[in-house]
Amino acid sequence: MVGKDNSYQELSDDDNAQNNTASPDRFGDNKDHNDSILPDDDVRGSLFSMMVSKTCLKNVFTVVLIFIYVLLTAVAAFLAYQTISDFLDKLNHPVMSVTYKEVDAFSPPGIALFPGNAQLLSCQHHHHDSIPPVVDPGTPQAGDCVIVEVTYLGPFSNHTQKKALVVRGPSDVRSKELIFMQFSQNKTEEDFSAITYMLFANFSDLAHSVNKSEFMRHCERNYSTWTLSGGFRTWVKMSLVRTTGKSSKSVQFLQESTVVKFNDKRPASERSTQLFFAVFEWRDPFIKEIRLIVTANAWSSVAILCGVFMAFFKAANFAKLSVQWIIRMRRRHRRNKVKELNPITEEASPK
C-alpha cells in the first residue's frame, strides 16, 4: 500500500510539474500575442494620421490654388474691361497727326469781297513784297486781276440780296506774289466803315460752277468772314490747312493780318470819301495737313481678349476639377470612417 501511495504521489507531482511548466508557456504565448496585436494598431493609427495630414495638406493646397485662380480671373476680367474701354476710347478720340507739305505754287484761292456801297478802284498783282506808292488815291486805276461778280440771296435770309466781287488770288509763293486792292466809299449810314471778305480754296471751283449763286451761298454758310477797316491798309498773309477725317475732308484758311493807318494827303474836300486798302499774299510755301488717325488696333484687342477668355475657361475648368476632387475625397473619408466604426459597433453589440 505504501508503495502504491508513493507512486501515486510521484505521478501527481509530475502532473503538477507539467501543469506548472505548461502554464507559463501559455501566459507567454498570450503575452506574445498581445505584443503582436499592439504594434499593428499603432501602425494603423500612424497610417491613418498620415492620411489625414496628407488630405488636409491637399485640401489647403487646393484652396490656395482656387484662391490664386480666382485672383487671376479677377485680374483677367479687369484686363478685358480695360482693353475694351481703351479700344472704344481710341476709336472715339482719334489722334491728330500734323505734317507740312512744301509746294512751289498754290492753287489760286478765291477772295470774295462784299463791298456794299463801296467801289473797287484798282486791283493789281505785284511781286517780292514790292508795292509802288499810291498815285491819285480815290480815283479809278487800271488793274490786271480776274474778277467775277456774283449776285445771290443770303443763306440765312432769303430776302437779303448780296453782291460779291470774287477775285482770283495769288499763287506764286516763291516770288511772293501779292494782290493790292483799293476801295472807296462816299457816304455810309453805318457807325463803322468796313468791308467784309471771305476766302475759299480754289477760284476755279467758282469759275467752273454752273450755279454760281448757289456756290456762293454754300461758301458763306460754311466759311468764316473777316473785315477790312476804312482809312487803313490791311495786309493779309494766308496759310492753308487741310484736315482729313474719318469720312470727310475740309480746307481751312488761317490768316495773319496787320493794319497800318493811311496818311491821307488829299484835299479836305475829298477826305469825306473813305478809302480802303487791302493786300493779300501767302505767308509761306507750306500746306498744313492734319490727319485724324485711329490708333485703336482691333487685332491686338482681339488677341488680348482671346487670352483673357482662355484664362477664364482654364480657371473654370480648374475650379470644376477641384470641386470634384474635394467631393471625391470627402466621400472616401466618409467610407473610411464607416469602415473603422463597423468593427466597434459589432464588438459593442450583444451576442
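Before any of the text, the structure's been laid out above.
Since we're looking at a predicted model, the values are computed, not measured.

Caption draft 1: Examining the environment of Ser250 more closely. Mapped onto the elements, Ser250 comes out in strand E10 (residues 249-261). As a C-alpha pair, Ser250 and Ala201 span 49 residues in sequence and 9.8 Å in three-dimensional space. Ignoring anything within four residues of it in the chain, the contact list for Ser250 reads Val241, Arg242 and Thr243.

Caption draft 2: The arrangement of a nonpolar patch on the surface in detail. Taken together, the side chains of Val60, Val64, Phe67, Ile68, Leu71, Leu72 and Val75 make up a nonpolar region of the molecular surface, amounting to roughly 650 Å² of accessible area. Since its relative accessible area comes to 51%, Val60 is described here as exposed.

Caption draft 3: Representation of the pairing of strand E9 (residues 232-244) within the structure. In terms of strand pairing, E9 meets E10 through 13 bridges, oriented antiparallel. The partner of Thr244 across the bridge, within E10, is Lys249. Joining the antiparallel neighbours E9 and E10 is a turn of four residues. Bridging between E9 and strand E11 (residues 274-293) involves eleven bridges; their strand directions are parallel. What sits directly across from Val241, in E11, is Lys288.

Cut-offs applied
Residues numbered from 1 in each chain as written. Predicted model: local features only at pLDDT ≥ 70, side-chain atom pairs only at ≥ 80, totals over all residues. Heavy atoms only, no water. Helix = DSSP H or I, 4+ residues; strand = E, 2+ residues; numbered from the N terminus. Contact = heavy atoms within 4.5 Å. Patch = residues over 30% accessible without salt bridge, like charges linked within 9 Å, V, L, I, M, F, W, Y side chains within 5 Å. Areas by Shrake-Rupley, 256 points an atom, 1.4 Å probe, with all protein chains shown as cover. Salt bridge = Lys/Arg side-chain N within 4 Å of Asp/Glu carboxyl O. Buried < 20%, exposed > 50% of the residue type's maximum accessible area, 1.4 Å probe, protein only. Pairing = 2+ DSSP bridges.

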